[in-house]
Structures are given as structure tokens and as C-alpha cells.
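Structural overview for review
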Amino acid sequence: MKVDGIHIAGLGAYIPESFSAARAVELGMYDREEHMRAGWSGAAVAGRTPAPDMAVRAGNQALARSGHDASEVGLLLHATFYHQGPDGWSPHHYVQRHTIGGHVPAFEIRQTCNGMLGAMELAACYLTAGGGDRTAALITGADNFGAPLVDRWRYAEGAVTNRGTIFGDAGTAVVLSRRGGFARLRAVASASLPDMEEMYRGDMPLFPPGCTVGRPMAIGARIAEFAARRPAEFDRARERLTLARVEVARRALAEAGIGPRDVARATHVFSGGEAYVRSVLEPLGIDPARGVLEFGRGVGHLGVNDQIAGLTHLVETGAVGPGDHVLLLGNGVGIALSCVVVEIVEPAGWAPAG
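I will try to describe carefully the structure that is included in this document. Remember, predicted model here, so these are calculated numbers, not experimental data.

Rules used throughout
Residues numbered from 1 in each chain as written. Predicted model: local features only at pLDDT ≥ 70, side-chain atom pairs only at ≥ 80, totals over all residues. Heavy atoms only, no water. Salt bridge = Lys/Arg side-chain N within 4 Å of Asp/Glu carboxyl O. Helix = DSSP H or I, 4+ residues; strand = E, 2+ residues; numbered from the N terminus. Buried < 20%, exposed > 50% of the residue type's maximum accessible area, 1.4 Å probe, protein only. Pairing = 2+ DSSP bridges. Axes fitted to C-alpha atoms, helices over the stretch in contact; angles between N-to-C directions. Contact = heavy atoms within 4.5 Å.

Further remarks concern the pattern of salt bridges. Within this structure, the stated rule accounts for 17 salt bridges. Measuring nitrogen to oxygen at the nearest pair gives 3.2 Å for the salt bridge that ties Glu343 to Arg186. Of this pair, Glu343 sits in strand E11 (residues 336-344) while Arg186 sits in strand E8 (residues 183-192); the two residues are 157 residues apart in sequence, bridging distant segments of the chain. For the pair Glu343 and Arg186, a shared accessibility class is recorded, and that class is buried. Salt-bridge contacts for Glu198 lead to Arg230; the nearest nitrogen and oxygen are separated by 3.1 Å. Within this pair, whereas Glu198 is found in helix H6 (residues 197-201), its partner Arg230 is found in the loop between helix H7 (219-229) and helix H8 (231-256), the two being separated by 32 residues in sequence. According to the relative accessible area criterion, Glu198 is buried, its value standing at 14%. Accessibility expressed as a relative area gives 33% for Arg230, which makes it partly exposed. Each of Glu198, Glu225, Arg229, Arg230 and Glu233 takes part in salt bridges that share partners, so that together they form one network.

So, in C-alpha cells, the structure goes:
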């Protein structure tokens with residue numbers, strides 16, 4: 001979808017202090033061989049800070065940076081991967097209450113690692129359609145993986161992939177605006193591969209939900225079970241995912257009217273190792289050095305937050321500036337895929353001069 005007249009007015013990120021992966025190995029929490037293979041240096045750990053509170057911090061930061069008053073925000077979308085609080089409760093309304101307040105629509109978006117990008121597409125459509133008399137939308141996302149049924153260091157063990165992964169905690173936020181901003185959306189593209197949901201489900205029953213019976217979130221074991229039971233289908237699924245990710249990204253680039261050489265930087269699902277970043281960017285003709293490997297490997301896979309945390313990092317450090325295009329790539333379990341093309345049009349007033 002080619003996007004016209006929608007800007008990024010503000011970004012926010014709350015990333016707690018990282019816990020050393022090497023220290024986790026020393027304490028027996030993380031496998032030594034996996035640490036050496038995967039390349040992670042640390043994972044951001046929020047302790048007992050609830051995910052919605054991290055979203056509130058990031059949301060208020062993005063709102064303050066945007067120059068928009070809360071009364072100008074006509075939509076709130078809150079992206080989530082893991083549980084946010086009590087069952088039967090709406091975290092998006094909690095975030096709304098503590099950021100923009102008021103009575104505008106608020107929705108929770110469940111697309112795991114693709115959540116923030118999927119939410120950006122929905123918000124862009126809302127604003128393009130008119131969005132009432134409001135000129136902006138606030139998108140937040142947050143995850144805290146420190147819950148008893150999640151082992152952030154080992155949840156992916158057994159997965160036969162090129163991306164050994166650990167979880168980090170964070171909250172991020174974006175303010176999209178019809179009025180203006182330091183960057184603009186050029187294009188957004190999305191797709192789904194629903195027949196691949198079984199790869200992440202494995203042989204787990206749908207009822208009762210695992211968390212209600214004390215079953216840990218062992219995603220790696222589920223993928224391994226599927227791979228062992230249906231090896232040929234697993235190999236095809238991995239190939240289809242790569243092809244679909246490339247197709248979505250190429251569509252977004254074409255709709256933005258640019259090519260791979262025009263992409264200054266790219267943000268993606270965080271990995272500790274170079275192989276994954278190569279597998280995402282090289283098929284597009286983009287140098288993997290233009291990704292955010294070093295930043296991501298120091299904080300862990302941040303659930304819904306990787307791409308926006310990466311973009312915020314690039315802007316805050318002056319790594320991108322006016323005239324630069326940034327490609328935001330996501331894929332989440334299910335499979336959900338999105339790609340967003342962003343063009344920096346002026347210096348962000350809240351970021352250091354590049």
C-alpha cells in the first residue's frame with residue numbers, strides 16, 4: 001500500500017538494563033554452547049515492571065516528542081506478544097488511560113513479533129480514511145518475559161532454525177500524524193501464511209490453554225516436534241517464509257518508488273548472529289551491515305518491539321538523517337509478515353544532530 005500524507009511525529013522506547021549473557025551462562029541459566037553459537041551479549045530485563053507500564057512510558061515519551069496534544073489523538077493501538085496482566089482485562093485501555101485518556105477507540109493487536117508493524121498499517125489506514133476530526137494515532141507495544149512460565153534464555157531450545165534466540169523486555173511507541181513529523185511513511189505491505197500456524201503449535205492441545213495448567217512456553221520444542229513429524233513440510237515452510245518475506249519487502253519498496261540501494265538502514269527481528277540478518281537482507285540485495293545486529297544482540301529479542309526499538313536507536317544516535325530511507329521488516333508466528341518504508345525528512349528535534 002502506497003502511503004501519502006502520513007508522518008511519524010514521535011518515537012519512544014523504554015528498554016531496561018541488559019543482563020549479561022555470559023553471566024547467565026556462569027549462573028547455569030543459559031547453555032554455554034548455545035551462547036557461543038548464537039552470539040547474544042545480553043537481554044534487557046525489566047524485573048517486576050509490568051509490560052503495560054513500559055508501554056505507558058514509551059507512549060508518553062513518543063507523545064511528548066511528537067508535538068501533539070493528547071486531544072489530537074484519535075486512535076490507540078497496543079501490540080502484544082505475551083500476557084500483559086490479569087486474564088479478562090484490557091491492557092490497551094490501561095495504556096490509553098495513562099497516556100492520551102479520553103474516549104477514542106482503543107484496540108489490542110496480537111501479531112507477536114510483527115505486532116508494531118501490523119499496527120502501523122492499521123493506523124495509517126485509519127488516518128488516511130479520515131480518522132474523525134483527530135490528526136494522530138498512538139501505537140504502543142510492550143512485553144515482559146520474566147513470568148514464571150517463560151525461560152527467556154531457553155524458550156527456543158530445540159528449534160531447527162538459523163536464529164537461536166533469547167527474550168528481552170521493552171516497551172516502544174510511535175505517533176503517526178496527518179499534520180507532519182520528522183519522517184513520513186512511504187509504503188506498507190503485509191501478508192499472512194496461515195497454513196504455517198501448526199509449525200508453532202506443534203502437537204499442543206488448544207484447550208485448556210497452556211498457561212492455565214502451568215505449561216511453559218517452549219516454542220522451540222513445538223517447532224522441533226513439527227519438524228520431526230513433518231520434515232519435508234518443515235523444509236518447505238522455511239523456504240516459503242523466506243520467499244514471502246522477500247515478496248512483501250519488494251512490494252513495499254516498489255510502492256515507495258525506491259530500490260534496495262536507496263535503503264540506508266534496515267530494522268528487523270533481533271538476532272544475536274549474522275546468519276539470520278544475512279538471510280533477511282541479502283535476498284533483497286541489501287548489505288547485512290545496514291541492519292541493526294549489534295544493537296539487537298545486546299538486548300535480546302524484544303517481542304513486538306524490535307523494529308521500533310531499532311528505528312528509535314538509529315534516530316537517537318544520528319545514524320540516519322534527512323534523505324535516508326529505513327526499511328522495517330517483521331514476521332511473527334502464524335505467519336504474519338509486514339514491511340514498512342520510512343523516509344527521514346528532517347532532523348528529529350529530540351535527537352542529537354547527526
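Reading across from one edge, E5-E4-E6-E7-E1-E8-E11-E10-E9 is the order of the nine strands in this open sheet, with mixed pairing throughout. Where the open sheet ends on each side, the last strands, each with one partner, are strand E5 (106-109) and strand E9 (263-267). Shown here is a sheet whose adjacent strand axes are inclined to one another by a mean of 25°, direction ignored. With eight bridges connecting them, strand E10 (residues 325-332) and E11 associate as antiparallel partners. Looking at E11, one finds that Val326 is bridged to Val342.

Before going further, it helps to spend a moment on the environment of Phe270. Positionally, Phe270 belongs in the loop between E9 and helix H9 (274-281). Judged by relative accessible area, which is 0%, Phe270 ranks as buried. Distance from Phe270 to Ala64, taken between C-alpha atoms, is 27 Å for residues 206 residues apart in sequence. When neighbours within four sequence positions are excluded, Phe270 is seen to be in contact with Trp40, Arg163, Val292, Phe295, Gly296, Val299, Gly300, His301, Leu302, Asp306, Ala309 and Gly310.

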